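Residues per chain are reported as follows:
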Amino acid sequence: QVQLVESGGGLVQPGGSLRLSCAASGIEFSINVMSWYRQAPGKERELVADISSSGGITNYADSVKGRFTISRDNSKNTVYLQMNSLKPEDTAVYYCYTRARFNTPYWGKGTLVTVSS
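Remember, it's a predicted structure, so these values are computed and weren't measured experimentally. (Residues numbered from 1 in each chain as written. Predicted model: local features only at pLDDT ≥ 70, side-chain atom pairs only at ≥ 80, totals over all residues. Heavy atoms only, no water.)

A. Representation of the packing of aromatic side chains within the structure. For the structure shown, the criterion picks out four aromatic pairs. Aromatic side chains Y37 and Y97 sit 5.4 Å apart centroid to centroid with 70° between the ring planes, which places their arrangement in the edge-to-face category. Here the residue Y37 occupies a position in strand β4 (residues 34–39), and Y97 occupies one in strand β9 (residues 92–99), the gap between them amounting to 60 residues. An identical accessibility class is assigned to Y37 and Y97; each is buried. Seen from their ring centres, Y97 and W107 are 4.5 Å apart, and the 50° between their planes marks the pair as tilted. Taken together, the residues span a long stretch of sequence, with Y97 in strand β9 and W107 in strand β10 (residues 105–107) at a distance of ten residues. A relative accessible area of 10% means that Y97 is categorised as buried. Judged by relative accessible area, W107 falls into the partly exposed class, the value being 37%. (Phe/Tyr/Trp six-rings, centres within 6.5 Å; stacked < 30°, edge-to-face > 60°. Helix = DSSP H or I, 4+ residues; strand = E, 2+ residues; numbered from the N terminus. Buried < 20%, exposed > 50% of the residue type's maximum accessible area, 1.4 Å probe, protein only.)

Okay, structure coming up:
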């Protein structure tokens, strides 16, 4: 059974930092591209960042470039999202995502990030 479990969300002031984690099980983690998406209230879900299986290639949405960093630890089956210089517009539920065997998509349940003073 595939499980993606996010953690690390919370309330942070503008300009602050958070690190999200996504622990994966039930997949061959080291061969999967991993992604972070987010969905703000009243908006569509959008891609934030993704990372290749080895971690050597990363991609970011323009809105987070230079502020967020995606990374992974294949020995721990975990992908991270370091978020710095947070803005109120970063407020959203953040989801971990991957495609596994037979290209089947899997989503975590999400973790809420609220940026507010």
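B. Molecular detail of the pattern of salt bridges. If you walk through the whole model with that rule in mind, you get four salt bridges. K65 serves as the salt-bridge partner of D62, at 3.2 Å between the closest nitrogen and oxygen. Accessibility expressed as a relative area gives 67% for D62, which makes it exposed. With a closest N to O distance of 2.7 Å, D90 and R67 form a salt bridge. With D90 in the loop between β8 (78–83) and β9 and R67 in the loop between β6 (58–60) and β7 (68–73), this residue pair connects regions lying 23 residues apart in the sequence. (Salt bridge = Lys/Arg side-chain N within 4 Å of Asp/Glu carboxyl O.)

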